[in-house]
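# Inside the fold
These are the residues of each chain, in order.
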Amino acid sequence: MRFVRFGEAGAERPGVLDSAGNVRDLSSVVGDLASDVLTALPDVDPESLPRVEGNPRLGPPVAQVGKLIGIGLNYSDHAAEAGMDPPKEPIIFMKATSSIVGPYDDVVLPRGSEKGDWEVELGVVIGSQAKYVSEANALDHVAGYMIINDVSERAFQIERGGQWTKGKCADTFGPMGPWLVTPDEVGDPQDLDLTLDLNGEAVQRGNTSKMIFGVAHIISYVSHFMSLNPGDVIATGTPAGVGMGMKLQRFLREGDVMELGISRLGHQRQVVGRDG
């Protein structure tokens, strides 16, 4: 199934898509797509639910995200374009949950930003607590998958000292959605095409088969350092084609348009703005 959250920012309601792609109101069944609801997502006939008229805004498809965890340099081609050796173990960093926005909301560059960058990534939503889980059982803890744009400010990330956090956490730097898609509809998470176009130009083209560390390995690995709880989200890394890795580096400017897609997970579109 494909779950959504629709409505104005901060007042979204849970929904599900029917076979024609219409949004159906799920709020009579669950209060929101968050926490323990993700452990047992409702199995309902979308046609039995009220249809949402018009073209409602879609928000992030998961509410009350407890942790937003990033995995760095997880595609060999991206590590190469960054001039770094492929990691021997997954690189873990955190993104502030205040960075989360909907899939079609604007991305706003923070004050002082000079090197905003794009990163299309497969997002994994945890559905049941995972602590010290084996790789063999790791996918049993997945509620579903979605697209994440791990927007980054490279000058803040690399040139300002300290950890990557400075360049990863600005408001709007975590577009999610449009859908939370259940594992049965996604199939093999290691066989998904990823795309990102900037102003109509193809800049990222990849496939999750090229991950250095697959989804199951990542979940198992992270669960040995922290408990993963329902509603936690992992962004699993990006393929080559980011602005920082181009021969003539290219970064986001006000008015740019990013369009992202992942097989079976839909599409995103963001217009770039600037704070102040």
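Above: the structure in question.
Thresholds, definitions, all that
Here the residue index of a chain counts from 1 through its sequence in written order. Local features in this predicted model are restricted to residues of pLDDT 70 or higher, and side-chain atom pairs are both shown and tallied only at a pLDDT of 80 or more, whereas totals for entire chains, interfaces and linings draw on every residue. Side-chain numbers here rest on the full set of heavy atoms in the structure, without hydrogens or water. Numbered from the N terminus, helices here are DSSP runs of H or I no shorter than four residues, and strands are runs of E no shorter than two. Per-residue accessibility, obtained with a 1.4 Å probe over protein chains only, is compared with the maximum for each type, and a residue is labelled buried under 20%, exposed over 50%, and partly exposed between these values. Residues are treated as being in contact if the distance between any of their heavy atoms lies within 4.5 Å. To measure how exposed things are, a 1.4 Å probe is used in the Shrake-Rupley method; for residues, cover is taken only from the protein chains shown. A positive count includes Lys and Arg, and a negative count includes Asp and Glu. His and the chain ends are not counted in either. Every charge is mapped onto a representative atom, which is NZ of Lys, CZ of Arg, CG of Asp or CD of Glu. For two strands to pair, DSSP has to find at least two bridges joining them. Fitted lines through C-alpha atoms serve as axes, helices being fitted only where they are in contact, and the angles separating the N-to-C directions of these axes extend from 0 to 180 degrees. Aromatic rings from Phe, Tyr and Trp, with only the six-membered ring used for Trp, were paired whenever their centres fell within 6.5 Å, and each pair was classed as stacked if the ring planes differed by under 30 degrees, edge-to-face if by over 60, and tilted otherwise. Counted as salt bridges are all cases of a side-chain nitrogen of Lys or Arg within 4 Å of a carboxyl oxygen of Asp or Glu. Pairs of N or O atoms within 3.5 Å make up the polar contacts considered here, provided that, within protein, one atom can donate a hydrogen while the other can accept it, and that residues adjacent in sequence are counted only when both atoms are side-chain atoms.

## A look at the overall build of the protein chain
Along the backbone of the protein chain there are 4 helices and 18 strands. Principal-axis analysis of the C-alpha atoms gives the protein chain an extent of 55 × 45 × 30 Å. Relative to its 276 residues, the protein chain shows a buried fraction of 57%. Long-range contacts, defined as pairs at least 24 residues apart, comprise 74% of the intrachain contacts of the protein chain with a sequence gap of at least 6. As presented, the protein chain carries roughly 11500 Å² of accessible surface, and 48% of it is formed by carbon and sulfur atoms. The averaged location of the 38 negative side-chain charges in the protein chain is 6 Å from the averaged location of its 24 positive side-chain charges.

## Re the sheet that holds strand 18 (residues 266–274)
Read across the open sheet, the 5 strands follow the order 7-18-17-14-15; overall the sheet is mixed. Strands at the two margins of the open sheet, each flanked by one partner only, are strand 7 (107–109) and strand 15 (201–207). Between one strand and the next, the sheet's axes are offset by a mean angle of 20 degrees, whatever the strand orientation.

## Regarding the packing of aromatic side chains
A full pass over the atoms with the stated rule returns 2 aromatic pairs. With a centroid separation of 5.0 Å and an interplanar angle of 50 degrees, the aromatic rings of Y221 and F225 are classed as tilted. A relative accessible area of 55% places F225 in the exposed class.

## Description of the pattern of salt bridges
Tallied over the entire structure, the rule returns 16 salt bridges. With a closest N to O distance of 2.7 Å, K95 and D150 form a salt bridge. One end of the pair, K95, is in strand 5 (residues 91–95); the other, D150, is in the loop between strand 10 (142–149) and strand 11 (152–153), with 55 residues separating them in the sequence. Judged by its relative accessible area of 5%, K95 falls in the buried class. Residues D117 and R154 are paired through a salt bridge, measuring 2.8 Å at the closest nitrogen-oxygen approach. One end of the pair, D117, is in strand 8 (residues 116–117); the other, R154, is in helix 2 (residues 154–159), with 37 residues separating them in the sequence. Connected through salt bridges with shared partners, the residues K95, D117, E119, D150, R154 and K168 form a single ionic network.

## Digging into the pairing of strand 15
Taken together, the 6 bridges between strand 14 (residues 193–198) and strand 15 define a ladder with antiparallel strand orientation. Counted as the bridge partner of D197 is A202 from strand 15. Here strand 14 folds back onto strand 15 in antiparallel fashion, the turn holding 2 residues, of which N199 has a positive phi close to 50 degrees.

## Section: the environment of P42
In this fold, P42 is placed in the loop between strand 3 (23–25) and strand 4 (68–72). Under the relative-accessibility criterion, P42 is labelled buried at 11%. Through-space distance from the C-alpha of P42 to that of D140 is 17 Å; in sequence the pair is 98 residues apart. Apart from the residues within four sequence positions on either side, P42 is in contact with M1, F3, L26, V29, V30 and V37.

## Let's talk about helix 4 (residues 215–223)
With 8 of its 9 residues buried, helix 4 lies for the most part within the structure. Every buried residue of helix 4 is accounted for by V215, A216, I218, I219, S220, Y221, V222 and S223. In this structure, the buried side of helix 4 is in contact with strand 4, strand 5, strand 9 (120–126), strand 10 and strand 16 (233–235).

## What to know about the environment of N149
Its place among the elements puts N149 in strand 10. According to the relative accessible area criterion, N149 is buried, its value standing at 0%. For the pair N149 and W179, spaced 30 residues apart in sequence, the C-alpha separation works out to 14 Å. For N149, the residues in contact, after removing those within four places along its chain, are W118, E119, V120, F173, G174, P175, M258, L260, Q268 and Q270. Looking at N149, its side chain comes within polar contact range of the main-chain nitrogen of E119, at 3.2 Å.

## Observations regarding unusual backbone geometry
Residue P178 is reached from G177 by a cis peptide bond, and omega for that bond is 20 degrees. When you line up the elements, P178 lands in the loop between strand 12 (174–175) and strand 13 (180–181). In the Ramachandran plot, S35 falls in the positive-phi region, its phi being about 50 degrees despite a non-glycine side chain. Mapped onto the elements of the fold, S35 is located in the loop between strand 3 and strand 4. Not every positive phi belongs to a glycine, and R264 is a case in point at roughly 65 degrees. Residue position: R264 is located in the loop between strand 17 (257–262) and strand 18.

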